[in-house]
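Observations on the three-dimensional arrangement
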Amino acid sequence: MIKWIIEKNIITCIFFLLFANMLDAQNRLQYNKYVFPDLFVQGLNLTGNAEYRKANDQNSELSRLEVNVYLNYFAIENKPDIQRYRHSLISVSYNRINNSSSRESSTYLTSNYYQEYRKFINPKKGGMPLFWEIDQLIDIAAFNDDDLNSGSNVFRFFDAEIAFPVKFGVGRIEPLAGLPLAEFLADDLLEAGLIDTLFGQEKMFELAQKIVTVENARVFDSRRARIYRLTEISGWLEKHGVPSGIQSFTILNDNLFFAQTGIRGHGKFHSLGFVPYVVPDLIQIFPLLEYGFGLQYEFRRAKNISKKLHHDWGLKSGYFAVSSDVFQSGNVFLLKARYALTYVPITRTILTVVPRFSLYSLENDRGVIETGISANLTYFINHRLSLNSGIQYFSMENSRPFSTVVLPSLITSDFYSSEFYRTNIVRAPAGNSFKNTATELFLYATLSYNLF
């Protein structure tokens, strides 16, 4: 069974690699020459909601108060010598329930912080630059439930996951944000007769960088932001010979605000990382502590074939020494591979397909094999009818179940991907509990039709 699963994944990956290279071999631009513009953008968002319900019947009375607060922060920095991505989320939920027989309150806190900081040593020398990298992953969850009638605590737990990988490597994946959009925009202008020939590579790169710059400008009003972006890009087009008018405006507005081209990068890197981590838990007054240290190798390759087609693939392997106060300690070997394909025939239709494979091996011949494939299709049938559909399949084979180790999501996830190394994929369910053999199939389809 395990051999059959491995062979099936290899065949699937080979099929998609051949499909990707045969589907659209046209490459008019040298994507490896594109330089993502210098950028530093950050945002902070605070949201909250409150709800109160009260119900009565002949025998009982029930009231419930729920309050939720969310604080979300992100920051993206891109320079020739630095790539940095930070994201933090804090959420607090409070519930209070009163009924005829009991009164209970509960508080739930979650906090997540992730930073990826990559420093390039020789960014201006061309070729494959050297880099060192420091990442942080901190996940915290706490829950407290009190019985207000007795004044006693019903349940309390604290769970955390902390990892600080340090990596050294060579190579760089450059974000291509803005470039596929600029290509589709230029094609529409040419088809409408507003330009005689397509922009050359230098102008296309300049337009893409302009799109990225205006889209990331901090304009604190959505309507003014729209006006600013349209004004700036239409000014650039007019400067380069595109006549201003309703036709060019509608083409620009359509592409700038309604096009989908996927999240893309171009380049490759190899890295070797040292990953210390700790997983402390506190359930009531019973403490659990697991900690480990690993050596991890990672390879990523992203290639943009044309404005319509992008694919990337990666490999991750590592060896982790795990110690635990309660569970059986051991050494874990992992091997993960993934391929992702994005195909955009038109800017309203996008297909993403992602096959993946994971192998975890613990001592004493205990091991887990995970395989999966996910696909999502947004299909523009006509101006009234559109389809969104997808599939997620996940399979986990356990030779001998082991639920005695907990690896942080930075290690078990399918290439934990930041703003820079991210593909537009649908993630399959994670299977890092290592408890049981399981399969899961999830299908969905949404058909939308505008009557008028």
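As a reminder, the structure under discussion sits directly above these lines.
My aim in this report is to walk through the structure given alongside it, one point at a time. A quick note: this is a predicted structure, and the numbers were derived from the prediction, not measured. Here the residue numbering is sequential within each chain, running from 1 through the sequence in written order. Given that this is a predicted model, residues contribute local features only at a pLDDT of at least 70 and side-chain atom pairs are listed and counted only at 80 or more, while totals for whole chains, interfaces and linings are drawn from all residues. Hydrogen atoms and water are omitted, and side-chain values are computed over all heavy atoms in the structure.

Along the chain, Glu 133 turns up in strand β5 (residues 130–147). As a C-alpha pair, Glu 133 and Val 166 span 33 residues in sequence and 5.8 Å in three-dimensional space. The contact criterion used is simple: two residues touch if any of their non-hydrogen atoms lie within 4.5 Å. Once residues lying within four places of it in the same chain are set aside, the contact partners of Glu 133 are Glu 116, Tyr 117, Arg 118, Pro 165, Val 166 and Lys 167. The numbering of helices and of strands both runs from the N terminus, where a helix is a DSSP run of H or I of at least 4 residues and a strand a run of E of at least 2.

Angle between the axes and distance between the axes: these two values describe a pair of packed helices. Lines fitted to C-alpha atoms define the axes, with helix axes restricted to the stretch in contact, and inter-axis angles between N-to-C directions lie between 0 and 180 degrees. Contact geometry for helix α4 (residues 222–239) and helix α5 (residues 246–258): axes closest at 11 Å, N-to-C directions at 125°. Classified by the angle between their axes, α4 and α5 sit oblique to one another. The handedness of the crossing between α4 and α5 comes out as right-handed. Contacts between α4 and α5 pair Arg 226, Arg 229, Leu 230, Ile 233, Ser 234 and Leu 237 from the former with Phe 249, Leu 252, Asn 253, Leu 256 and Phe 257 from the latter. Only Asp, Glu, Lys and Arg are considered charged in this grouping, and only Ala, Val, Leu, Ile, Met, Phe, Trp, Tyr, Cys and Pro are considered nonpolar; every other residue, Gly among them, is considered polar. Looking at the contact of α4 with α5 residue by residue, the classes come out as 7 nonpolar, 2 polar and 2 charged. With respect to orientation, any angle under 35 degrees is reported as roughly parallel, any angle over 145 as roughly antiparallel, any angle of 65 to 115 as roughly perpendicular, and every other angle as oblique. By convention, the crossing between two helices is left-handed when the near helix turns anticlockwise from the far helix through less than a right angle, and right-handed when the turn is clockwise.

Whenever Lys or Arg places a side-chain nitrogen within 4 Å of a carboxyl oxygen from Asp or Glu, that contact is recorded as a salt bridge. Per the counting criterion, the structure on display carries 16 salt bridges. Taking the shortest distance from any N to any O, the salt bridge between Glu 133 and Lys 167 comes out at 3.9 Å. You can see Glu 133 sitting in strand β5 and its partner Lys 167 sitting in strand β7 (residues 166–175), a full 34 residues away along the chain. Summarising the burial analysis for this pair, Glu 133 and Lys 167 share the class buried. Lys 210 is the partner of Glu 232 in a salt bridge, and the nearest nitrogen-oxygen pair spans 3.1 Å. Note that Glu 232 is positioned in helix α4 and Lys 210 in helix α3 (residues 201–215), a separation of 22 residues in sequence. Only protein chains enter the accessibility calculation, which uses a 1.4 Å probe; a residue whose area is less than 20% of its type maximum is buried, one above 50% is exposed, and one in between is partly exposed.

On to the packing of aromatic side chains. Any two of the Phe, Tyr and Trp rings considered here, Trp counted by its six-membered ring, make a pair once their centres fall within 6.5 Å; the pair's planes then place it as stacked at under 30 degrees, edge-to-face at over 60, or tilted in between. Using the criterion set out here, one finds 12 aromatic pairs in the structure. Relative to Phe 157, the ring of Phe 155 has its centre 6.0 Å away and its plane inclined at 50°; by these criteria the two rings are tilted. Since its relative accessible area comes to 32%, Phe 155 is described here as partly exposed. Since its relative accessible area comes to 21%, Phe 157 is described here as partly exposed. Here the aromatic residues Tyr 108, Phe 143, Phe 155 and Phe 157 are joined through ring pairs into a cluster of three or more. Above the plane of the ring of Phe 120 lies Arg 172, whose end atom (NZ or CZ) is 4.4 Å from the centre. Either the NZ atom of lysine or the CZ atom of arginine qualifies as a charge over a ring when it sits within 6 Å of the ring centre and within 35 degrees of the ring normal. Across the ring face of Phe 257, the terminal group of Arg 226 is positioned such that the distance to the ring centre comes to 4.2 Å.

With respect to the helices and strands, Tyr 277 occurs in strand β8 (residues 265–283). Here Tyr 277 falls in the buried class, since its relative accessible area comes to 4%. For the pair Tyr 277 and Glu 290, spaced 13 residues apart in sequence, the C-alpha separation works out to 8.6 Å.

Looking now at the pairing of strand β2 (residues 61–79). When DSSP finds at least two bridges between two strands, those strands are taken to pair. In this structure, strand β1 (residues 39–56) lies alongside β2, joined through 18 bridges in antiparallel fashion. Residue Ala 50 lies in a different strand from β2, and its bridge partner there is Val 67. Note: β2 against strand β3 (residues 82–98), 17 bridges, orientation antiparallel. The residue of β3 that forms the bridge with Leu 65 is Arg 96. Following β2, the chain reverses through 2 residues before pairing antiparallel with β3.

Further remarks concern helix α2 (residues 179–191). Each helix should span, by expectation, one fewer than its residue count multiplied by 1.5 Å. Relative to the 18 Å expected for 13 residues at 1.5 Å per residue, α2 spans 19 Å between its end C-alpha atoms, a close match to the ideal helical length. Within α2, burial applies to Leu 179, Pro 180, Leu 181, Ala 182, Glu 183, Phe 184, Leu 185, Ala 186 and Leu 189. Buried residues in α2 make contact with α3, α4, α5 and β11 (330–346). Gly 193 occupies a position one or two residues after α2 and carries a positive phi of about 80°.

Here we take up a nonpolar patch on the surface. Excluding any residue in a salt bridge, patches collect residues exceeding 30% relative accessible area, merging like charges within 9 Å and nonpolar Val, Leu, Ile, Met, Phe, Trp and Tyr side chains within 5 Å. Reported accessibility uses the Shrake-Rupley method at a 1.4 Å probe radius. Residues are deemed covered only where the shown protein chains occlude them. A cluster of nonpolar side chains, namely Ile 121, Leu 130, Trp 132, Ile 134, Val 166, Phe 168, Leu 272, Phe 274, Phe 293 and Leu 295, defines an oily patch on the protein surface of about 860 Å² accessible area. Elements with a contribution of two residues or more to the nonpolar patch: β5, β7, β8 and β9 (286–304).

By themselves, these observations are geometric and do not establish any function.
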